[in-house]
Amino acid sequence: MKEKLFKKADFNQFVAGDSHFEKTLTRGNLISMGIGAIIGTGIFILPGIVAYSTSGPSITISFILSAIVCILTAMCFAELSSTFPVAGSTYSYGSIIFGQFPGWLIGWALCLEYILGVSAVSSGFSAYFVSLVNSFGIVLPKAIIGPLEPSNGSFINLPSVIVLILIYLLLRRGIQASTRMNTIMVFVKIAVVLTFIGVGIFYIKPVNYHPYFPMGGFGVIKGAALVFFAYLGFDVIPSSAPEVKDPQKNIPISIMVSLAICAVLYVILSAVLTGMVNYKDLNFADPVVYALNYVKLGKIAFLITIGALAGMFTMMLNTVYGGSRLIYALGRDGMIPTAFGKIDETAKMPILSLNTITILAVLLGGFVSLKELTSLVNIGTLVSFTFVASGIIKLRHRTDVPHSDFKVPFYPWLPIISVILCVLLMTQVSINSWITFIGWFFIGVVVYFVYGYRKVN
């Protein structure tokens, strides 16, 4: 039984199984995809909520700490993805390096990230959309703009549901159509972020930075665990490996460039935001818009809202895309019914996998609150990142796999530090989120032994 559980997957079988994909994505497409997947709810919502509740003005340091963790892990991702350019990202790497059962658990945790991640962003999109229509004097009924909370008068988050359906329809048109839309919207939201920074810097009041550490160092670390959600999305790049031209070179560069650009924007924007408005006044789902209205720049606030919507749209677009490829990989390997691993010959994509992640995201985005979703996303991602970093150490001892031109520097210290930092951030997640995540893991173990275990030769 132990031999079967930890049997290493065959890299060549993964390559053969992914041969139906068309290689159409360039380095530019990947960088745009990475930025599109990262910049979204994290930059337009979390800086206000986390500054108010946890970090205060020191949220800038929280963003820096989270960026360090992500950059270290991104280096590990870069080496693994260039060594194994296959669909499934962390799940596939785990199956090749640790064995089929650990790989399944990593994939199961990653499913949590993708499904809950896109659901959380759809909730943030809804908050900004409601703010936009309110600026035109249109007040939407409370019953259709919130999660299922009958006691609070809300029953469904309809804007969240509608935008997820639109994303599904766009992805059904093919990868080229969605990448073109993604590229356009990435330029829009970067322009909007730079506009806010360029204008807001003139309204900074130094007094708003005092006290800089209102909750102490513990608040900074806890804030880092919360804003970690802001950096999620770069792992969608290795998920697209079978559709990438020259993946061994283009994937590592694209991961590092997209993450570095987003980290710089996050830190600067959070510094400007907490300088414009006292952190005690930032408990809003749209803090960037609130800050501009606070300093009497309502017209610019309207443009920022448009940019925020574009940012969250592209984040959802890329997350749904990456999640559908993960579910496809699980079906390709027989961990779930093989129908999920089938490629539609006309659309050249896994339609059933795309349908599945869309339905689950609609149910969660339409009926569950944003706060509950983001905590769970962070745990699932940190667990998978821990496996990625430790996987580099195992990889370097393998002689039966291809070698990548990209290597994590200062081996083995950087992978070890990455593992330690991921575990540190995991300790800051709430106990309720941990209980839910353990329950999710238990379900994953049951699914494996009921179905996947029997499929392993």
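Residues numbered from 1 in each chain as written. Predicted model: local features only at pLDDT ≥ 70, side-chain atom pairs only at ≥ 80, totals over all residues. Heavy atoms only, no water.

The next subject is the confidence of the model for the chain. Mean pLDDT over the chain stands at 84; residues scoring 70 or higher make up 96%. Averaged pLDDT values over the elements of the chain bottom out at 70 in helix α4 (residues 41–44) and peak at 91 in helix α9 (residues 158–172). (pLDDT = per-residue confidence, 0-100. Helix = DSSP H or I, 4+ residues; strand = E, 2+ residues; numbered from the N terminus.)

A side chain of one charge can pair with a side chain of the opposite charge if their charged atoms are brought near each other. Tallying each qualifying case throughout the model produces three salt bridges. One salt bridge connects Glu243 with Arg325, and the closest N-O pair in it is separated by 3.3 Å. One end of the pair, Glu243, is in the loop between α12 (236–239) and α13 (247–276); the other, Arg325, is in helix α15 (residues 298–332), and 82 residues separate them in sequence. Taken individually, Glu243 and Arg325 each receive the classification buried, so the pair is uniform in this respect. A salt bridge links Arg332 to Asp333; the nearest nitrogen and oxygen atoms lie 2.9 Å apart. A single burial state applies to Arg332 and to Asp333, both of which are buried. (Salt bridge = Lys/Arg side-chain N within 4 Å of Asp/Glu carboxyl O. Buried < 20%, exposed > 50% of the residue type's maximum accessible area, 1.4 Å probe, protein only.)

In this section: the packing of helix α6 (residues 59–83) against α13. The N-to-C vectors of α6 and α13 enclose an angle of 175 degrees; their axes lie 9 Å apart at closest approach. Judged by the inter-axis angle, α6 sits roughly antiparallel to α13. Split into classes, the residues belonging to the contact of α6 with α13 amount to 19 nonpolar, six polar and no charged. (Axes fitted to C-alpha atoms, helices over the stretch in contact; angles between N-to-C directions. Parallel < 35°, antiparallel > 145°, perpendicular 65-115°, else oblique. Nonpolar A, V, L, I, M, F, W, Y, C, P; charged D, E, K, R; others polar.)

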